[in-house]
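Residues per chain are reported as follows:
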Amino acid sequence: MNKIIQLFKEKQKDVLAVYFTAGYPALEDTLDIATAIANNGADLVEIGIPFSDPVADGPTIQNSSKLALDNGMSVEKLLEQLEGAKKGIEAPVVLMGYLNPVLQYGVEAFCEKASSVGVDGLILPDLPLAEYESEYKDIFERYGLLNIFLITPQTSDKRIRQIDSISEGFIYMVSSTSTTGAKTGISKEQEAYFERIQKMNLKNPTLIGFGISNAATFQQASQFSNGAIIGSACIKAIEKEGNAAVHAAKFVKDIVA
Amino acid sequence: MQFEVDENGYFGQFGGAFIPEMLHPNIQELQDQYLAIIGSDQFKKDFDHLLKDYVGRPSPLYFANRLSQQYGTQIYLKREDLNHTGAHKINNTIGQILLAKALGKDKIIAETGAGQHGVATATVCALAGVECIVYMGEIDIARQKPNVERMKLLGATVVPATSGSKTLKDATNEAMRHWINHPDAHYIIGSTVGPHPYPDMVAKFQSVISAEMRLQLKEKTGNTNPDAIIACVGGGSNAMGAFYHYLDAEEVRLIAVEAGGHGVASGATAATTQIGKSGVLHGSKTLFMQTKDGQVVEPYSISAGLDYPGIGPSHAHLFETKRAEYISINDEEALQAGVELCRLEGIIPAIESAHALAALSTIKFKREAVVVVNLSGRGDKDLETYITKAVY
């Protein structure tokens, strides 16, 4: 069984997913950080594939992506690094990135390789639903990879139902209409949106992301969903002076403490 | 051959709407409504009225006598440089501000390279009394100072894009990010790029260029069709406007001129069709310059308006089907052609448009051939570049 599906079978509350950018702060940090995140309390590891023009990301992930590329990170390099992760990481692994690097690698070759190195799902924010269904769904399924879709406060109920019906694993609930790391904290207005989604009784679990940065916001978001995703705040923690994996471990521990 | 956009927003294999979910409601709204809005009687009436009385259209089609003698052919200049604000960009911004109003939007975002689109957007925002934010690369702000001041004078807020190459590509990224964070705004894209329906919508607004050319050529030469049309291509809006009504007239040669920069093989170029590959950038599948790993390669051109790593999807389709020819002109050649037009015709062209003029030196036309060069903009904004870089 796909490890993401397995995860939500076993755990329905307070699921913690943590994102970081592959190849940042140093090229060879990827595995150490992923392992530190997985071994210190995160339920799901989300690894960012850096892209030169990340339009859905705020300054923190723009910066980590740029530096990762300057360090020499690429799709090929990342998949190579992940080869070593198969034994060390129990938690499901999701790759998040923009469509173009995947297209250039070749979608089929990418899925085949990703699946063989233990990747369980993909989040490609600029791959539209219709395009996925007509061009890529069969390939993803052939290699047992789940495609994770986003919904936002502006997504219509009808579209949410449509996304729910073709999704597997979980739905990525973007907490506000914003780029990543743009806001912190959760407003009353956002809570109303979370409640609205809760009442829809979707067949898929939901994880709330964007604006979740610490134990308090993680707890708050988790009240309305199956858990939450933290990204920019983790990047900020690991880019401090010192060992990135040690920072990552401490960051995750503080969230689940 | 099919050159119109299909129901899914594609031109052949290029186009589509590859956007993050956050932008889906806005793009869906545009896709659902743009044709009905721009096809309505009220819109057409307002658009035509503003193009005539505000922009000063039709722009003249001028027979360039001395230039024609120089090249031994019949050269006409479509004078988009004479439009209000100095370039073709205003045709699109007039259309989009009317569309934004019809959609009930009172905040406008735009990106700009040379600043021509930024000025054209700031202008229509002043006209409509709406808020205007223009993203512009930090490097472009430095090399196009007069346009920055014009935008500010017109009441717009100019925000420097400091990421990446700090030019048009990054200004576009920043404008898209701003739109994600402010979905109540309308984003006026300045070229035939971006997610569907922008490439088609912008082409339709710019198509007034070739609609007028047909009537003007008929009057001056007795034939609606020229032998060739030459236009420069960054994202591709002036070229698409100049080609639009001739796409199905296969006897008309369509020549698109890309910015070669220091040379196609130099590593400092914006000649997309020469070294680009198909991929997804800024919301559509199109041709752009990228590494093997799919990272966007920073473009280079002396002309800020052509300094973009890709071309719009409709151009990618014209290139692939060979309906249009794509050539590249280097910085030096463009500067020379710009100076030549100053001396032969008393017209200072934008350095973007000078790329199109330079094609006259590389392609030999018959003496009786009618060749239209789309003079997309005037060179006032480029005086400093001419003064410091051109030899005259």
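Residues numbered from 1 in each chain as written. Chains lettered and ligands numbered in written order. Predicted model: local features only at pLDDT ≥ 70, side-chain atom pairs only at ≥ 80, totals over all residues. Heavy atoms only, no water.

Novice: Just checking my understanding: could you explain the overall build of chain A for this structure?
Specialist: Along the backbone of chain A there are 13 helices and 9 strands. Since a compact globule built from 257 residues should have a radius of gyration of about 18 Å, the 17 Å found for chain A is in line with a globular shape. A burial count over chain A gives 61% of its 257 residues as buried. Approximately 9,800 Å² of chain A is accessible, and the part contributed by carbon and sulfur atoms is 48%. When the 23 basic and 32 acidic side-chain charges of chain A are each reduced to a single mean position, those positions are 6 Å apart. (Helix = DSSP H or I, 4+ residues; strand = E, 2+ residues; numbered from the N terminus. Rg over C-alpha atoms; globule rule 2.2 N^0.38 Å. Buried < 20%, exposed > 50% of the residue type's maximum accessible area, 1.4 Å probe, protein only. Areas by Shrake-Rupley, 256 points an atom, 1.4 Å probe, with all protein chains shown as cover. Lys, Arg positive; Asp, Glu negative; His and termini not counted. Charge placed at Lys NZ, Arg CZ, Asp CG, Glu CD.)

Novice: Explain the domain arrangement of chain B to me, please; I cannot follow it from the model alone.
Specialist: Interfaces are often sized by the accessible area lost when the parts come together. All names here are of chain B. What the domain assignment lists for chain B is domain 1 (13–50 + 89–202) and domain 2 (56–87 + 208–389). Its C-alpha centre places domain 1 at a distance of 22 Å from the equivalent point of domain 2. Each partner contributes to the interface: domain 1 provides 37 residues, whereas domain 2 provides 41 residues. A combined buried area of about 3,100 Å² lies between domain 1 and domain 2, and 56% of that area is made up of carbon and sulfur atoms. Across the contact surface, domain 1 and domain 2 share 2 salt bridges. Across the pair E298 and K169 runs a salt bridge, and its minimum N-O distance is 3.7 Å. Inspection of the domain 1/domain 2 interface yields 16 residue pairs in polar contact (both at pLDDT 80 or more). Elements with a minimum of two residues in the side of domain 1 that touches domain 2: β2 (14–15), α4 (89–102), α5 (116–128), α6 (138–143), α7 (145–153), α8 (168–181) and α9 (198–206). Broken down by element, the residue count for the side of domain 1 that touches domain 2 peaks at 6 residues, all from α8. Broken down by class, the residue content of the side of domain 1 that touches domain 2 amounts to 13 nonpolar, 18 polar and 6 charged. (Domains from an automatic or database assignment. Contact = heavy atoms within 4.5 Å. Buried area = accessible area lost by both parts, 1.4 Å probe. Salt bridge = Lys/Arg side-chain N within 4 Å of Asp/Glu carboxyl O. Polar contact = N/O pair within 3.5 Å; in protein donor to acceptor, adjacent residues only side chain to side chain. Nonpolar A, V, L, I, M, F, W, Y, C, P; charged D, E, K, R; others polar.)

Novice: Even after reading the chapter, I still don't get the layout of surface pockets, so can you show me in this structure?
Specialist: A probe as big as a water molecule, rolled over the atoms, marks out the empty space that is left. Counted as a void, the largest pocket has a volume near 810 Å³. Around the largest pocket, the lining is made up of 37 residues, and of these A:P128, A:A130, A:R159, B:H24 and B:Q28 lie nearest the centre. Of all the secondary-structure elements, those providing two or more residues to the lining of the largest pocket are α8 (129–142) and α9 (157–166) of chain A together with α1 (24–39) of chain B. In this structure, the second largest pocket encloses a volume near 380 Å³. The wall of the second largest pocket is formed by 22 residues, among which A:S52, A:K66, A:L69, B:G164 and B:E298 lie closest to the centre. Sorting the residues of the lining of the second largest pocket by element identifies α3 (59–71) of chain A together with α8 of chain B as the ones contributing at least two each. (1 Å grid on protein atoms, 1.4 Å probe; cavity = no way out; pocket = protein on both sides within 12 Å on 5 of 7 lines; lining within 4 Å. Points joined across faces, edges and corners; volume = space filled by probe spheres on them.)

Novice: Explanation requested: α9(A) in the structure shown.
Specialist: Given 3.6 residues to a turn, an α-helix orients residues that are three or four positions apart in the same direction. Regarding α9(A), the residues found buried are A:R159, A:I160, A:I163, A:D164 and A:I166. Here the buried face of α9(A) lies against α8, β6 (150–151), β7 (171–174) and α10 (188–199) of chain A together with α1 of chain B.

Novice: Hey, could you run me through the packing of helix α7 (residues 107–116) of chain A against α8(A) in this one?
Specialist: The angle between the axes and the distance between the axes are what describe a pair of packed helices. All names here are of chain A. Put simply, α7 and α8 touch, their axes get as near as 9 Å, and they point 25 degrees apart. Between α7 and α8, the angle falls in the class roughly parallel. In this structure, α7 meets α8 at a crossing whose hand is right-handed. Only Y136, I139, F140 and R142 of α8 make contact with α7, whose side of the interface consists of V107, E108 and C111. Here the contact of α7 with α8 is built from residues that sort into 5 nonpolar, no polar and 2 charged. (Axes fitted to C-alpha atoms, helices over the stretch in contact; angles between N-to-C directions. Parallel < 35°, antiparallel > 145°, perpendicular 65-115°, else oblique. Left-handed = near helix turned anticlockwise from the far one by under 90°.)

Novice: Which parts of the structure should I look at to understand the pairing of strand β4 (residues 74–79) of chain B?
Specialist: Looking down a regular strand, the side chains alternate between one sheet face and the other. All names here are of chain B. Here β4 lies mainly inside the structure; 5 of its 6 residues are buried. In the sheet, strand β3 (residues 61–63) pairs with β4 via 3 bridges, with the strands oriented antiparallel. Counterpart to Y62 in the pairing with β4 is L77. Relative to strand β14 (residues 370–375), β4 is paired through 6 bridges, and the arrangement is parallel. By the bridge assignment for β14, Q74 is matched with V370. (Pairing = 2+ DSSP bridges.)

Novice: Can you walk me through the interface of chain A and chain B in this structure?
Specialist: On the side of chain B, 33 residues touch chain A, which itself brings 36 residues to the contact. Across the interface of chain A and chain B, roughly 2,700 Å² is buried in total on both sides, 51% from carbon and sulfur atoms. Contact with chain B buries area across many residues of chain A, yet A:D53, A:V55 and A:Q104 alone supply 22% of it, more than any other trio. Where chain A meets chain B, there are 3 salt bridges.

Novice: What is the right way to read the pattern of salt bridges from this model?
Specialist: Any two side chains of opposite charge can pair, on the condition that their charged atoms come close. Under the counting rule described, the total for this entry stands at 30 salt bridges over all chains. A salt bridge links A:E76 to B:K292, with the shortest nitrogen-to-oxygen separation between them at 3.4 Å. Pair noted here: A:E76 is in helix α4 (residues 75–82) and B:K292 is in the loop between β12 (284–288) and α13 (313–320), and the two residues belong to different chains. Residue class for A:E76 comes out partly exposed when judged on its relative accessible area of 43%. Look at the salt bridges and you will find they share partners, linking A:D53, B:K169, B:D170 and B:E298 into a network.

Novice: Would you take a moment to explain the sheet that holds strand β5 (residues 146–147) of chain A for this structure?
Specialist: Hydrogen bonds between backbone groups are what pair the strands of a sheet, and the pairing can be parallel or antiparallel. Residues and elements named next belong to chain A. Taken together, 9 strands build an open sheet; the order of strands is β5-β4-β3-β2-β1-β9-β8-β7-β6 and the sheet is parallel. What marks the edges here is a single partner per strand, and that holds for β5 and β6. Judged from the 3 bridges that link them, strand β3 (residues 93–96) and strand β4 (residues 121–123) form a sheet pairing that is parallel. Residue L95 lies in a different strand from β4, and its bridge partner there is L122.

Novice: Help me out: how do you make sense of the nonpolar core in this one?
Specialist: Inside soluble globular proteins, nonpolar side chains tend to come together where they are buried. Ranked by size, the top nonpolar core spans 195 residues in total, and within it A:I37, A:I47, A:L95, A:F110, A:Y172 and B:F243 carry the most contacts. For this core, the leading source of residues is helix α13 (residues 244–256) of chain A, giving 7 residues. Here this core gathers at least three residues from each of two domains, domain 1 (13–50 + 89–202) and domain 2 (56–87 + 208–389) of chain B. Counting 38 residues, the second-largest nonpolar core is a separate cluster that includes B:A64, B:I75, B:V257 and B:A270. (Core = buried A, V, L, I, M, F, W, Y, C linked by side-chain atoms within 4.5 Å.)

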